[in-house]
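# Chain and residue survey
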Amino acid sequence: RIRDIAHRSDIPHDLKQEIKHTIQNKLHRNAGPEDLVATEKMLERILNENANQRDGSHGPYPQAFVDEFKTFYAELKDFFNAGGVEESLANVCSEHGDLSQYADPFLGAKRAIDSNDAPLDAVLNVLEPLANLRGELVGRIGSFNIDDDGAAASAQKMRLLELGLETYA
């Protein structure tokens, strides 16, 4: 994907070169977490430069390019498992919509304790929806046919999510 982004005809040459030398060549050889940081910084700069101007026009980059770069960044975050529990849960629920019946109660209870001064009752109220969600994930992981690449990938995402959820237990 990054190669296609770096070779777009609708972005300036200097940005193409920056993408190629800062991200593409490095990813081709050996991807590391620093590439995620570099990509995040570049995306932030692109978004800032593309913010609405005083005259109401958009910045120098076409929206299609910005959207493609955002997609690349999201995929890179997914590759490095750098998203948080809520982001991972949203991704898994987008693939398995019926899982939201277990995710929504957990997320509601989790949001109630996101402040540092949450009462003990609120903290304890997370445990039941958390156990239900983790149990559902484990059950689904066991039912996947891991000989199918798509199913194996889904099982891996669910396992990583379930491990991330363990921190709330």
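Fair warning: this is a prediction, and the values are worked out from it, not measured in the lab.

### Considering the overall build of the protein
Per the secondary structure count, the protein includes nine helices and zero strands. Put simply, the protein runs from its N terminus to its C terminus through helices and strands in the order α-α-α-α-α-α-α-α-α. Compactness check: the protein gives a C-alpha radius of gyration of 20 Å against a globular reference of 15 Å for 169 residues, more than 25% above the reference. Oriented by its inertia axes, the alpha-carbon framework of the protein measures out at about 55 × 45 × 25 Å. With 169 residues in all, the protein has 32% of them scored as buried.

### Let's talk about the side chain of K110
Inspection of the secondary structure puts K110 in helix α6 (residues 100-112). Residues in contact with K110, not counting those within four places in the same chain, are E86, V126 and Y168.

### Side note on a nonpolar patch on the surface
On the surface, a cluster of nonpolar side chains totalling about 360 Å² of accessible area is made up of L120, V123, L124 and L127. The element contributing the most residues to the nonpolar patch is helix α7 (residues 120-124), with three residues. Among the structural elements, V123 can be located in helix α7.

### Some words on the packing of aromatic side chains
Summed over all chains, the structure comprises four aromatic pairs. Judged by centre distance (5.8 Å) and plane angle (55 degrees), the rings of Y61 and F65 are tilted. Exposure remark for Y61: the relative accessible area of 6% places this residue in the buried category. Here F65 falls in the buried class, since its relative accessible area comes to 0%. By the ring-pair criterion, three or more aromatic residues cluster together here, those being Y61, F65, F69 and F72.

### So, the nonpolar core
Ranked by internal contacts, the top residues of the largest apolar core, which has 19 residues, are L89, F106, L133, L137, L161 and L165. Sorting the residues of this core by element identifies α5 (85-95), α6, α8 (127-143) and α9 (149-165) as the ones contributing at least two each. Excluding residues within four positions of it along the chain, L137 makes contact with L99, M158, L161, E162 and L165. Counting residues in each nonpolar core, the second largest holds 18 residues, with L15, M42, I46 and F69 among its members.

### Re α8
Relative to the 24 Å expected for 17 residues at 1.5 Å per residue, α8 spans 24 Å between its end C-alpha atoms, a close match to the ideal helical length. Three or more residues of α8 are buried, namely P129, L130, L133, R134, L137, R140 and I141. One side of α8 carries all its buried residues, which in axial view fall inside an arc of 130 degrees. Exposed positions of α8 whose direction lies more than 90 degrees from the buried face are E128, G142 and S143. Packing partners of the buried residues in α8 comprise α5, α6 and α9.

### Remarks on the pattern of salt bridges
Summed over all chains, the structure comprises 15 salt bridges. Notably, a salt bridge pairs R45 with E49, separated by 3.0 Å at the nearest N-O pair. Of this pair, R45 and E49 both sit in helix α3 (residues 33-49), four residues apart, roughly one helical turn. By relative accessible area, which is 29% here, R45 ends up partly exposed. We classify E49 as partly exposed; its relative accessible area is 32%.

What counts, and at which threshold
Residues numbered from 1 in each chain as written. Predicted model: local features only at pLDDT ≥ 70, side-chain atom pairs only at ≥ 80, totals over all residues. Heavy atoms only, no water. Helix = DSSP H or I, 4+ residues; strand = E, 2+ residues; numbered from the N terminus. Rg over C-alpha atoms; globule rule 2.2 N^0.38 Å. Buried < 20%, exposed > 50% of the residue type's maximum accessible area, 1.4 Å probe, protein only. Contact = heavy atoms within 4.5 Å. Patch = residues over 30% accessible without salt bridge, like charges linked within 9 Å, V, L, I, M, F, W, Y side chains within 5 Å. Areas by Shrake-Rupley, 256 points an atom, 1.4 Å probe, with all protein chains shown as cover. Salt bridge = Lys/Arg side-chain N within 4 Å of Asp/Glu carboxyl O. Phe/Tyr/Trp six-rings, centres within 6.5 Å; stacked < 30°, edge-to-face > 60°. Core = buried A, V, L, I, M, F, W, Y, C linked by side-chain atoms within 4.5 Å. Expected span 1.5 Å × (residues − 1). Arc of directions from axis to C-beta.

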